[in-house]
Amino acid sequence: MWMNEKIKASEVELTGLNGEDIGIVPTREALAMARRLKVDLVCTSLMSSPPPCRLVAAADAKKEAQAAKAKSSDRVVKVKEIRLTPNIEEHDLDTKKQQAARILQAGNAVMLVVRVQGKEGAAAKVLLEDLVRELKEWGRAKTGIQVSGKQAAVQIDPVA
């Protein structure tokens, strides 16, 4: 949402305070009208030419801007799963670590899952603790490490 002097178009399609259609007017004239009425000139879309703008009371314009900002920050965080084994090679572990870091930097959560066979539960837990420590720059563990039956898992959420 663009307001007042931030509108760069040479002319705008203007709507009045009460929703009446004023028509296409030069942007300078629309700004002068907004100042005269002590309201804001708000552009709703830059995708059309001339862009549609309307005169809005100052308090209403701020509320709309805050609502638009809140809506854009309500982004859905996806949880991506990365599977490992307790006896993973060093190079493969580095690759998985880089993959997890990329996912966290993109704003998504990572679920690290280690498949456990027999008595590998302790080794899996140590592996996950190391990964959580090394990825702390990009995310923090949402839950503790859960070791259950055939797997050990931990979810890491991105740092806001």
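Residues numbered from 1 in each chain as written. Predicted model: local features only at pLDDT ≥ 70, side-chain atom pairs only at ≥ 80, totals over all residues. Heavy atoms only, no water.

### A word on the side chain of Lys97
Next, step 1: Looking at where Lys97 falls in the secondary structure, it is placed in helix α3 (residues 90-105).
Next, step 2: Contacts of Lys97, omitting those with residues within four sequence positions, involve Leu131, Glu134 and Leu135. (Helix = DSSP H or I, 4+ residues; strand = E, 2+ residues; numbered from the N terminus. Contact = heavy atoms within 4.5 Å.)

### Remarks on helix α4 (residues 121-134)
Next, step 1: The end-to-end C-alpha separation of α4 is 20 Å, in line with the 20 Å expected for 14 residues at 1.5 Å each.
Next, step 2: Taken residue by residue, α4 has Ala124, Leu127, Leu128 and Leu131 as its buried positions. Each buried residue of α4 lies within a common arc of 95 degrees when the element is viewed along its axis, so the set occupies one face.
Next, step 3: Looking at the buried residues of α4, the elements they touch are β6 (79-84), α3, β7 (109-115) and β10 (151-158). (Expected span 1.5 Å × (residues − 1). Buried < 20%, exposed > 50% of the residue type's maximum accessible area, 1.4 Å probe, protein only. Arc of directions from axis to C-beta.)

### Considerations on the nonpolar core
Next, step 1: In terms of nonpolar packing, the biggest core is built from 19 residues, with Leu84, Val110, Leu112, Val114 and Leu135 touching the most fellow members.
Next, step 2: Among the secondary structure elements, those contributing two or more residues to this core are β6, α3, β7, α4 and β10.
Next, step 3: Per-element accounting of this core gives the leading share, five residues, to α3.
Next, step 4: Beyond its immediate chain neighbours, meaning those up to four positions away, Val110 contacts Lys80, Ile82, Ala100, Ile103, Leu104, Val154, Gln155 and Ile156.
Next, step 5: Ranked by size, the runner-up nonpolar core spans 13 residues in total, among them Val25, Leu31, Leu41 and Leu55. (Core = buried A, V, L, I, M, F, W, Y, C linked by side-chain atoms within 4.5 Å.)

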